[in-house]
Amino acid sequence: MAIGWHFLYEGIVKCVSADWSSEGFLTGTIGFTSGFYHWLAASPERLQVVDVMNVYGLMLIGIVLFLGIVTRWASLGGFLLLVLYYFAYPPFGISLLGPHDGSVFIVNKIFIEAAILACLFFIKEKGYGIDNLIAYLKIEKEFPSRENEKQETDRTRREAIKNLASLPILGALSWSALKTNEKYNIDATTGATIQINRMYLSELKGSLPKGKIENHELSRLVMGGNLIGGWAHARDLLYAESLFKAYNTEKKIFETLMLCEQAGINCINIGYPTMSMMVKYRKVTGSKIKLITQVGIDEENKQDIYDNVTRAIDNGADILQLQGAWCDFLVRDNRLDIVAGMMDRIKSQGYTAGLASHTIDSLIICEENGIIPDYYMKTMHHDNYWSAHPRENRRPFEVDGVRYVEHDRFHDNCFCLFPDRTVEFVNRCKVPVMGFKVLAAGAIPPEDGFRWAFENGADFICVGMFDFQVVNDVNICIDTLNQLKNREREWYG
């Protein structure tokens, strides 16, 4: 009865929720069976069949289990349905990804209910309630006047009457659930009705275009790592970084990355401190997402200041680049030999070497001294937004440096200090360019920022995204590339 109520209630809540669909559940699956579930979600026709079977299968199995009708075969049907749920998010060390409560390994509530139903089937459970009443009527019909069957008939009658108590219990539970839903309009205790306000994968406008850096085929839109790492460029909003970290739990990060991959984003650009998170993600999900790892100089390591390169490679980095702040500081301090050494170390290991910066002077000076990477990564955004401090007050190398109290000085609000000089440099580059900070940390709408970066020469853009932004950003990128008219630079990569 308890399992039957669980099935019935989940089915009813899905049925009465106008916006419910199994799409989110199916597209978010992971593990060795995920291809089957993704296939189900890929077709609107298949998805509609799955939704109908889900809703009415749950309700039918729930009713017959609760009332005790063909209990054994209802147990088999319930078992098979639970097996499908279980292997959608198998808790084989990756339970944090699934929509279940707590952290579990192998045995979760779905497993327990499935095991009970399997037992009821294999021990040939004869049932209770309606099944028991039918058994009583059969005995009455077969042995209407035999005295030696009287005791068995009486026992069966008592059992039938007792087990028919499921009917008033079902009525009471249904009435209570109805009143609760009327009062609160939503059932917050089940995932059946909670709808996340985000665009689902079925709303994608097409395939995200790709390009190449060396032998790596990358999506034109690359996932940024700051939101995952907890680094928030939020001007004078002091709580933003804590808020980002509170929202992006490990589970949420993994969900976001899976959504990115399913939407066509096949690459993420991360800071070296986030490497362990990505190693875990790729291990437990089997992900093939490309990792661009930003590395710096380990000046405390007197034997090898480039040791971060070795560590990043050992942890599975696909592409390595000198982190932007490190490049700016090293060029500012006239330590170009270390920048050159970093490029040489990466390339000597057979890896693609990138050079990032916030200040365009860094890349210009490196170019003048013959330091040419396999690709550049440069902050690329215009400065036509309210919080950009005045051009006359901007100084090279001030990004990621001192924060000023004065309103018109730099205070984490502008990353492409001289957009015109950046565009001039990018358009003469003969290697791929990846633009980052294209939205100026949320100050520029993506429709505007994406277009500006691609029109002015970016071959790829790197954008930090929350999960509820992913599909929308992919669609904007697709539209932008399809409608691009004013780009003069040829595509590299």
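All of these numbers come straight from a predicted model, not from anything done at the bench.

### Observations regarding the overall build of the chain
- Broken down by element type, the chain carries 20 helices and 10 strands.
- Counting across all 493 residues of the chain, residues that qualify as buried make up 52%.
- Across the chain, every contact between residues at least 6 apart in sequence was considered, and the portion connecting residues at least 24 apart equals 72%.

### Observations concerning the nonpolar core
- Within the largest apolar cluster, 72 residues are counted, with the highest numbers of intra-cluster contacts made by Leu221, Ile265, Ile268, Met342, Leu355, Phe450 and Ile461.
- Broken down by element, this core gets its largest block of residues, seven residues, from helix 20 (residues 470-482).
- Excluding its chain neighbours within four sequence positions, the residues that come into contact with Met342 are Val295, Gly296, Ile297, Tyr306, Val309 and Leu322.
- Counting residues in hydrophobic clusters, the runner-up holds 14 residues, among them Ile3, Leu58, Ile61 and Ala114.

### With respect to helix 4 (residues 44-67)
- The first and last C-alpha atoms of helix 4 sit 34 Å apart over 24 residues, in line with the 34 Å expected at 1.5 Å per residue.
- Note on helix 4: the residue one or two positions beyond its end, Gly68, has a positive phi of about 75°.

### So, unusual backbone geometry
- Of note in this structure, Arg235 is not a glycine but carries a positive phi near 55°.
- Its location among the elements puts Arg235 in the loop between helix 10 (226-229) and helix 11 (240-247).
- Even without being glycine, Ala440 reaches a positive phi, approximately 50°.
- Here Ala440 is to be found in the loop between strand 9 (433-436) and helix 19 (446-455).
- Residue classification places Ala440 among the buried residues on the basis of a relative accessible area of 0%.

### Describing the side chain of Ser362
- As for its placement among the helices and strands, Ser362 is situated in helix 17 (residues 360-368).
- Given a relative accessible area of 0%, Ser362 falls into the buried group.
- Within the structure, the side chain of Ser362 is placed 2.7 Å from the side chain of Asp328, a separation counted as a polar contact.
- Those residues within four positions of Ser362 in sequence are excluded, and the remaining contacts are Cys327, Asp328, Val331, Ser357 and Phe397.

### Comments concerning helix 1 (residues 2-16)
- Along its 15 residues, helix 1 runs 21 Å from first to last C-alpha, staying within 8% of the 21 Å computed at 1.5 Å per residue.
- The set of residues buried in helix 1 consists of Ile3, Gly4, Trp5, Phe7, Leu8, Tyr9, Glu10, Gly11, Val13 and Lys14.

### Details of the pattern of salt bridges
- The tally for this structure, following the rule as stated, stands at 20 salt bridges.
- The salt bridge partner of Asp448 is Arg451, with a shortest N-O separation of 3.1 Å. Remark: Arg451 and Asp448 occur in helix 19; sequence separation between them is three residues, near one turn of the helix.
- Among the residues examined, Asp448 registers a relative accessible area of 23% and is labelled partly exposed.
- Look at Arg451 and you get partly exposed, because its relative accessible area is 34%.
- A salt bridge links Asp459 to Arg487; the shortest N-O distance between them is 3.0 Å. On the criterion of sequence distance, the pair formed by Asp459 in the loop between helix 19 and strand 10 (460-463) and Arg487 in the segment after helix 20 is long-range, its members being 28 residues apart. The burial state of Asp459 is the same as that of Arg487; both residues are buried.

Criteria and cut-off values
- Residues numbered from 1 in each chain as written.
- Predicted model: local features only at pLDDT ≥ 70, side-chain atom pairs only at ≥ 80, totals over all residues.
- Heavy atoms only, no water.
- Helix = DSSP H or I, 4+ residues; strand = E, 2+ residues; numbered from the N terminus.
- Buried < 20%, exposed > 50% of the residue type's maximum accessible area, 1.4 Å probe, protein only.
- Contact = heavy atoms within 4.5 Å.
- Core = buried A, V, L, I, M, F, W, Y, C linked by side-chain atoms within 4.5 Å.
- Expected span 1.5 Å × (residues − 1).
- Polar contact = N/O pair within 3.5 Å; in protein donor to acceptor, adjacent residues only side chain to side chain.
- Salt bridge = Lys/Arg side-chain N within 4 Å of Asp/Glu carboxyl O.

Take it as geometry only, folks, not as evidence of what the structure does.
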